[in-house]
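Inside the fold
Each chain, letter by letter, is given below.
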Amino acid sequence: MAEDFARAVEDGLKLGKRIYMGKDRAVQPPKPLPLMERSMHFYLPSAPMVYAVISDPRIVDNPDIPSYQPHVHGRLDPPALIPLQMNGVNLDVDCYGDSAFVQVSGMWRVHCVMRSRSCDCRIAVPMGDEGSILGVEIDLPTKSYSTELIGVEESKGIQNIAKPEDGQFLKPHIFTLTIPKIDGGTYISMKLHWSQKSSYNDGKFTLTVPFNFPEFVTPAIRQIPKKERIQLNVSSGIASGIVYQAVSHPFQESKRDGGHIGLLYEANVMTWSHTDLSFSYGVSSGNIFGSALLQSPSLYDIDQRDIFCIYLFPGSQQGKKVFRKEVIFVVDISSSMRGRSLESTKNAINTALSKLSPEDSFNIIAFSDETFLYCTSMVLPSEESIERASEWMSKEHSEGNGTNMLIPLQKAVEMLSNTPGSIPMVFLVTDGTVEDERKICEWMDKRMKNGGSLCPRIHTLGIGKFCNHHFLRMLAMLSRGEYGAACDLDTIDSQMQKLFSKGLSTILANITIDAFDNREQIEVYSSCIPDLSSESPLTICGRCQGSFPDTLKAKGILGDLSSVIIDLKIEKAMDISLDKQGSRLIYSHRRHGFQKISNLRRRLQS
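The name an unreviewed UniProt entry gives the protein is VWFA domain-containing protein, with Gossypium tomentosum as the organism.

Looking only at helices and strands, the protein features ten helices and 31 strands. Within the protein, buried positions represent 55% of all 606 residues. In the protein, the share of contacts with a sequence separation of at least 24, taken over all contacts with a separation of at least 6, comes to 77%. As displayed, the protein has an accessible area near 27,200 Å², and 49% of this comes from carbon and sulfur atoms.

Quick look at the sheet that holds strand E1 (residues 49-54) now. Read across the open sheet, the five strands follow the order E2-E1-E5-E9-E8; overall the sheet is antiparallel. In the strand order of this sheet, the two ends are held by strand E2 (80-83) and strand E8 (167-171), each with one partner. Recorded for the sheet is a direction-independent mean angle of 35° between the axes of neighbouring strands. Bridge analysis of strand E5 (residues 118-126) against strand E9 (residues 174-183) gives eight bridges, and the strand direction is antiparallel. Across the sheet, Val 125 pairs through a bridge with Phe 175, a residue of E9.

With that out of the way, let us pick up the pairing of strand E19 (residues 306-313). Most of E19 is tucked away, with eight of its eight residues classed as buried. The alternating pattern of E19 places Asp 306, Phe 308, Ile 310 and Leu 312 on one face and Ile 307, Cys 309, Tyr 311 and Phe 313 on the opposite face, and all of these are buried. The pairing of E19 with strand E29 (residues 538-544) spans seven bridges and is antiparallel. Each bridged residue has a counterpart across the sheet, and for Leu 312 the counterpart in E29 is Leu 538.

Only a minority of non-glycine residues have a phi that is not negative, and only a minority of peptide bonds are not trans. In the segment running from Asp 77 into Pro 78, the intervening peptide bond is cis, with an omega of 5°. As for its position among the elements, Pro 78 is in the loop between E1 and E2. The backbone of Glu 130 sits at a positive phi, close to 55°, despite the residue not being glycine. Mapping Glu 130 onto the fold places it in the loop between E5 and strand E6 (132-139). Positive phi outside glycine occurs at Asn 510, with the angle close to 50°. With respect to the element layout, Asn 510 can be found in strand E26 (residues 506-513).

The next point concerns the packing of aromatic side chains. One pass over the structure, following the stated rule, counts 19 aromatic pairs. Ring centres of Phe 205 and Phe 313 lie 5.8 Å apart, and the angle between their planes is 85°; this geometry places the pair in the edge-to-face category. One end of the pair, Phe 205, is in strand E12 (residues 204-209); the other, Phe 313, is in strand E19, with 108 residues separating them in the sequence. Under the relative-accessibility criterion, Phe 205 is labelled buried at 1%. Pairwise contacts between aromatic rings join Tyr 200, Phe 205, Phe 279, Tyr 281, Phe 289, Tyr 311 and Phe 313 into one cluster.

A few words on the sheet that holds strand E3 (residues 85-96). In space, the eight strands of this open sheet follow the order E7-E6-E10-E4-E3-E13-E16-E15, with mixed pairing throughout. Edge positions in the sheet fall to strand E7 (144-146) and strand E15 (252-257), since each has one partner strand and no second. Averaged over all pairs of adjacent strands, the angle between their axes in this sheet comes to 10°, without regard to strand direction. With eight bridges joining them, E3 and strand E13 (residues 227-235) adopt parallel strand pairing. Counted as the bridge partner of Cys 95 is Val 234 from E13.

Turning to the environment of Pro 45, a few remarks are in order. Following the sequence through the fold, Pro 45 ends up in the loop between helix H2 (40-43) and E1. Overall, the relative accessible area of 8% leaves Pro 45 in the buried class. For the pair Pro 45 and Pro 214, spaced 169 residues apart in the sequence, the C-alpha separation amounts to 8.5 Å. Beyond its immediate stretch of four places on either side in the chain, Pro 45 contacts Phe 5, Tyr 51, Ala 124, Pro 126 and Ile 174.

What follows covers the side chain of Arg 480. Mapped onto the secondary structure, Arg 480 falls in the loop between helix H8 (469-478) and strand E25 (483-486). A polar contact is formed between the side chain of Arg 480 and the backbone oxygen of Ile 511, at a distance of 3.3 Å. Within the structure, the side chain of Arg 480 is placed 2.9 Å from the backbone oxygen of Ile 529, a separation counted as a polar contact. In contact with Arg 480, not counting residues within four places along its chain, are Met 448, Arg 457, Asn 510, Ile 511, Cys 528, Ile 529, Pro 530 and Asp 531.

A surface patch of like charges, here negative, comprises Glu 383, Glu 384, Glu 387 and Glu 391. Secondary-structure assignment places Glu 384 in helix H5 (residues 383-394).

Within the largest apolar cluster, 89 residues are counted, with the highest numbers of intra-cluster contacts made by Val 93 and Ile 123. With seven residues, the single largest contributor to this core is helix H1 (residues 2-16). When residues are assigned to domains, this core turns out to be shared by domain 1 (1-283) and domain 2 (289-319 + 509-577), each giving three or more. Leu 356, Ile 423, Phe 427 and Phe 500 belong to the second-largest nonpolar core, a separate cluster that totals 37 residues.

Another aspect to go through is H5. Here H5 is twelve residues long and its end C-alpha atoms lie 17 Å apart, about the 16 Å a rise of 1.5 Å per residue gives. For H5, the full list of buried residues reads Ser 385, Ile 386, Ala 389, Trp 392 and Met 393. Each buried residue of H5 sits inside an arc of 120° when the element is viewed along its axis, so together they form one side. Away from its buried face, by an angle of more than 90 degrees, H5 presents the exposed residues Glu 383, Glu 387 and Ser 394. Where the residues of H5 are buried, they touch helix H4 (340-354), strand E21 (361-367) and strand E22 (371-373).

What counts, and at which threshold
- Residues numbered from 1 in each chain as written.
- Predicted model: local features only at pLDDT ≥ 70, side-chain atom pairs only at ≥ 80, totals over all residues.
- Heavy atoms only, no water.
- Helix = DSSP H or I, 4+ residues; strand = E, 2+ residues; numbered from the N terminus.
- Buried < 20%, exposed > 50% of the residue type's maximum accessible area, 1.4 Å probe, protein only.
- Contact = heavy atoms within 4.5 Å.
- Areas by Shrake-Rupley, 256 points an atom, 1.4 Å probe, with all protein chains shown as cover.
- Pairing = 2+ DSSP bridges.
- Axes fitted to C-alpha atoms, helices over the stretch in contact; angles between N-to-C directions.
- Phe/Tyr/Trp six-rings, centres within 6.5 Å; stacked < 30°, edge-to-face > 60°.
- Polar contact = N/O pair within 3.5 Å; in protein donor to acceptor, adjacent residues only side chain to side chain.
- Patch = residues over 30% accessible without salt bridge, like charges linked within 9 Å, V, L, I, M, F, W, Y side chains within 5 Å.
- Salt bridge = Lys/Arg side-chain N within 4 Å of Asp/Glu carboxyl O.
- Lys, Arg positive; Asp, Glu negative; His and termini not counted.
- Charge placed at Lys NZ, Arg CZ, Asp CG, Glu CD.
- Core = buried A, V, L, I, M, F, W, Y, C linked by side-chain atoms within 4.5 Å.
- Domains from an automatic or database assignment.
- Expected span 1.5 Å × (residues − 1).
- Arc of directions from axis to C-beta.

Written out as structure tokens, the structure reads:
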């Protein structure tokens, strides 16, 4: 799908060369790349973009200066995509902990279609790490559109439902939406909303927002004013001061108040930004620390219970002791995994094995219709054992079409049932679906309730769009594990490395919050609190009925198996919209269904 989109943009750039922009042209017409330099990634959007969908090349012309166009015959199938020129753009980013909420407001013009004709327009929204689309609002001179995520049952009987192909993901981080029949010369005002994650490393957050516009979206006419603006607001929620470093744009500090800071950049430019927004700030501390933020709901919130967010941060990594680990990799080798998926999985496991400490141990279980064990007992990660494991994974095992997941999971948990002094982990990698998801989850839930102090954590990774991502997320949550997804083959290795690194760097396990014992008063969005990794902070959101406790304590087990109690400072959230944090978690949970279904309700307003 991404390759077809890229080819359509390349065709659109060629078609756009026909448009006469007058003598006062400020930029040269777009030039397709030389054959040797062409790349699919060049034609994919690196910033929010809008394209004219051209099936009939006869309608392509300047709506202000009609010109002689050579007569053409036929239609384009598939249609070409001509990037529209952008006349203004504002970027607003609100950072709360490790979450960022982004809004891009811009004005585009259908500069390439005759005034007497119309075309569909396709919006493309590239998002950052773990991005989730939150909404799109479009204003035209005579009507407007907005999007809303709805379920299949809700869509029955509702008119003006967009077709699934109107809203979909080109790649896991690029969302597209088609708006029908916009006249040539029309100005399109648009607001795009999404959320994404900030990366975290040793007490420092780093945020990267796609904001790299190609030259051909700059208006060709010299007299058109071009102003871009970026407003960046950071509310740490846990630190009294923020040490920041803005590296991409020349920001000016517009506000500073304790743990809140505002940065502003605005400028008149000749061409739009060629650089992604990149920003980092530190909240470093030597020890594990955290806080709790509490906020009353807005008047328009259907749920009138108070909102809370609890943050736990790993602090600096110096002197942190991670758990001794017993690790079993459970790998799907069914026929659908054959090829690049399985090879990337094997390479990632080899890398993970090389990162184990000498006192750790590991094993590998492969499964399809049958189950294959690398070894009948756990193995220490010596150079020889890792090399033998790599050779074993390279051997041809009998492959089947089935995905019998319960048996290998039960074998793995059984092998990890007696691991005193260490934290047991299972890394499950699959691209398939199973018929007994409910049975597996019920078995895992029962196993956790009846297990010892450190039950096996099941970290799951779903490959592709056709495995049951909801099931894998649920299985990980029930076992206090982590969930990851690689919907694109290009991301398998990076997503697996990220999952392995996060799981293998656990520094605080069996986390409990004393106030959560009162389940009648407090609802937590996650039924089981995952472990804290040195690779990323932990956010726990929920709602509470009645008064929230005046004091709050988090308890857990450290890497040396000693217990720790962390006092959490409770603050009223004034400048932070905690409902966004909760919404982000909910959207993240629904995201893969959203990719498949993409039910979008269009509301037309006269």
